[in-house]
Amino acid sequence: MAPVINHSENVKLIIERHVKNNQVMLFSKSYCGFCSQVKKIFQSLGTPYFSLELDELDNGSDIQAELTAQTGRPTVPQVFVNGAYIGGCDDTHAAYSSGKLAQLLNPPDDQYDFDLIVIGGGSGGLAASKEAAKLGKKVAVFDFVTPTPKGTTWGLGGTCVNVGCIPKKLMHRAAILGESLEEAKKFGWDVPDHVQHSWEKMTGEIQNYIGSLNWGYRVALREKQVKYINAHAELVGDHKIKAVDKKKKESFHTAKHFIIATGERPRYPNCPGAKEYGITSDDLFSLPYCPGKTLLIGASYVSLECAGFLKGIGLDVTVMVRSILLRGFDQNIAERIGSHMSEHCGIKFIRPCVPTKVEEIEPGQPGKLRVTGKMVDSGEEVVGDYNTVIFAVGRDACTSGIGLDVAGVQVNSKNGKIPTMAEQTNIPHIYAIGDILEGKLELTPVAIEAGTLLARRLYGNGELQCDYLNVPTTVFTPLEYGCIGYPEEHAIEKYGEENIEVYHTNFLPLEWTVPKKSENVCYAKLICLKPENERVIGFHYLGPNAGEVTQGFAIGIKKGATKADFDATIGIHPTCAEVFTTLSVTRRSGESIKQKGC
Ligand code: FAD
Ligand code: NDP
């Protein structure tokens, strides 16, 4: 729209009229780069603006002089939103980042206390709440950690930060460093034979770091003007929750929309003594004493990762496996991981076996526990004594006792998960994200992506939905495993063996040659779909730095890379990742994949 200027009008009135009549009013110059930046901000928010280009007006310099007199700023741009003076380019950027700008553009709906209440301040909940606030919404996050049966509790940030990815990866790092000390000798370092590890020192440092993250999250919420309430929330009406804090004080709050992001907590099996004497990953990372001789029960991510780092810091570790390792993952690779853990690391496996009772023999920190198990095949009883027993037999969605029934939200009664369509539950104003979703991956970046995109769809111009396909992931076992897409058996089941070509090889990292580490444990595999020009539908890497290697290839797989694209990519030498650019042996050919040297 062309500026409507009456040249006989007093410049003061011109400014007043434009500020009053336009939700976003920019005093700008057509050639000014800072003015363009400000316009881009409003374009990204999808908000129309009106700009007077002062360099194109006869009385532009008079208007600028009057603006300077009113605001004290001699330059353009000068930005007004809903009549409020924002400032220049830097001020507009700052107001955009803090969410103030969006709040001015979208004043809250007075009918409710908040535009959005998020229940759960973990990976997904924090991401969604910060994004909604940035888009101008009045947001509250309720986060409350119910103590474990052992009384362990933690701060803001949810599972990943406090009792998941972060402490797990740092303890995995401690284990890798231990192994590196041995290797270092072969590279000329004079390392003493008996190097001691201190559990207390390691957990102390890691917990300090986690404390700083908890604090950082609180600050970030405050900066974004998200109200954080440390209380357990429960839906008690269509648009209403009851919150109960640590001191059992109740309060009630209303909102137009709700996002449920309550995550999961470890499950205990129905086995006498499990809850009294066992612990879970929720207790392990802040355990005030070294766990000593440890039995892990369960054979998935959590169990195998914890087993790996506990062994890596020098403990005696056993894993009790009910059936297979890493259910849901490529089983050929799961077995390779298991063999490496047992043959190279010295972790003991009892399988297939289930626990039948846990008894205390000696109290203490750690004390001594006796575990009885039953071999699944033979029914034979096995008994062993351990200092610590860790249950890692799965996690339950935190969807009971939070009023979902009161609000009418549909929950799968078998697994407690919430079915959604684009994160919307069957109740239109109630959404769900993260680990509690039915049929979706339980990973931090997935929860963050879903929360961020949902907020953008609800309150911004966003149209993108979270893409749950081809999500890369890594299991941080001693030999790390990164994968994207289909496990081999799932690919065969879906497309038929005749339509699948599997390229694979063992490889030996150069770094492993001098310390003479095992030659044929690292492994690379691409699963390709023959009718689609050998499009890669499964990527599997077993070796050092799996997360770093897999992340890079994820973009290629997402973009539909074919085997020919991998072949046409020039490798970086000498690295492990380069193996994917030269894969030539197919499983069908039956040729040997064993390697010697690099
Ligand atoms: P959470 O992060 O669990 O947050 C939910 C929050 O809601 C919690 O703070 C909870 O206390 C709170 N809450 C629950 N009910 C209420 C209520 N009624 N009122 C108020 N607050 C409530 N993922 C990876 O991507 N990489 C990894 O390496 C990795 N390692 C892991 C290791 C372990 C040992 C575990 C257990 C998990 C790991 N994960 C990993 C998974 C990852 O932690 C989760 O996928 C992620 O935290 C899920 O985020 P969320 O927002 O759904 O829930
Ligand atoms: P899972 O549900 O994946 O695995 C549970 C394991 O416990 C299985 O091995 C299962 O055996 C076994 N089990 C179940 N019940 C019993 C029982 N009564 N007695 C003996 N064994 C039993 O749970 P996790 O806790 O390992 O992981 C939960 C989620 O957390 C994962 O899906 C993952 O997305 C996420 N996570 C991600 C990580 C990462 O990204 N690196 C790391 C850790 C967790 P069976 O196979 O026989 O059923």
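Residues numbered from 1 in each chain as written. Chains lettered and ligands numbered in written order. Predicted model: local features only at pLDDT ≥ 70, side-chain atom pairs only at ≥ 80, totals over all residues. Heavy atoms only, no water.

Draft legend 1. Looking closely at the packing of aromatic side chains. Evaluation of the coordinates by the stated rule reveals 13 aromatic pairs. Measuring from centroid to centroid gives 6.0 Å for phenylalanine 329 and tyrosine 481, while their planes differ by 65 degrees, and the two rings are edge-to-face. Of this pair, phenylalanine 329 sits in the loop between β13 (317-320) and α13 (331-344) while tyrosine 481 is found in strand β22 (residues 481-485), placing the two residues 152 residues apart along the sequence. Per residue, the accessibility class of phenylalanine 329 equals that of tyrosine 481, and both read buried. Three or more aromatic residues joined by ring pairs form one cluster here, namely Phe507, Phe539, Tyr541, Phe553, Phe566 and Phe580. The positively charged end of lysine 440 is found above the aromatic ring belonging to tyrosine 468, 5.0 Å away from the centroid. One cation-aromatic arrangement involves lysine 517 over tryptophan 512; the distance from NZ or CZ to the ring centre is 4.4 Å. (Phe/Tyr/Trp six-rings, centres within 6.5 Å; stacked < 30°, edge-to-face > 60°. Helix = DSSP H or I, 4+ residues; strand = E, 2+ residues; numbered from the N terminus. Buried < 20%, exposed > 50% of the residue type's maximum accessible area, 1.4 Å probe, protein only. Lys NZ or Arg CZ within 6 Å of the ring centre and 35° of its normal.)

Draft legend 2. Quick look at α13. With 14 residues, α13 extends 19 Å between its outermost C-alpha atoms, agreeing within 8% with the 20 Å of an ideal straight helix rising 1.5 Å per residue. Those residues of α13 that sit buried are Gln331, Ile333, Ala334, Ile337, Gly338, His340 and Met341. Considering only its buried residues, α13 is in contact with α12 (301-312), β14 (348-350), β22, α16 (488-495), β24 (522-529) and β25 (535-542). The residue sitting at the N-terminus of α13 and contributing the capping side-chain oxygen is aspartate 330; that oxygen lies 3.2 Å from the backbone nitrogen of asparagine 332. With its phi angle positive at about 85 degrees, glycine 346 sits one or two positions after the end of α13. (Expected span 1.5 Å × (residues − 1). Contact = heavy atoms within 4.5 Å. Polar contact = N/O pair within 3.5 Å; in protein donor to acceptor, adjacent residues only side chain to side chain.)

Draft legend 3. Summary view of the UniProt feature "domain: Pyridine nucleotide-disulphide oxidoreductase dimerisation" (unreviewed entry) in the chain. As recorded in UniProt, the feature "domain: Pyridine nucleotide-disulphide oxidoreductase dimerisation" (unreviewed entry) lies at residues 471-582. As a span, residues 471-582 carries 23% helix and 29% strand, and end to end its C-alpha atoms are 24 Å apart. (UniProt positions renumbered as here; feature names shortened; annotations may be inferred.)

Draft legend 4. Structural view of the pattern of salt bridges. Counting across every chain of the model gives 26 salt bridges. Its salt-bridge partner being lysine 39, residue glutamate 53 comes within 3.0 Å of it at the nearest N-O pair. With a gap of 14 residues between them, glutamate 53 in strand β2 (residues 50-53) and lysine 39 in helix α2 (residues 33-44) connect regions that are remote in the sequence. You can call lysine 39 buried: its relative accessible area is 14%. Salt bridges sharing partners connect three or more residues here, namely Glu264, Arg395, Lys417 and Glu442. (Salt bridge = Lys/Arg side-chain N within 4 Å of Asp/Glu carboxyl O.)

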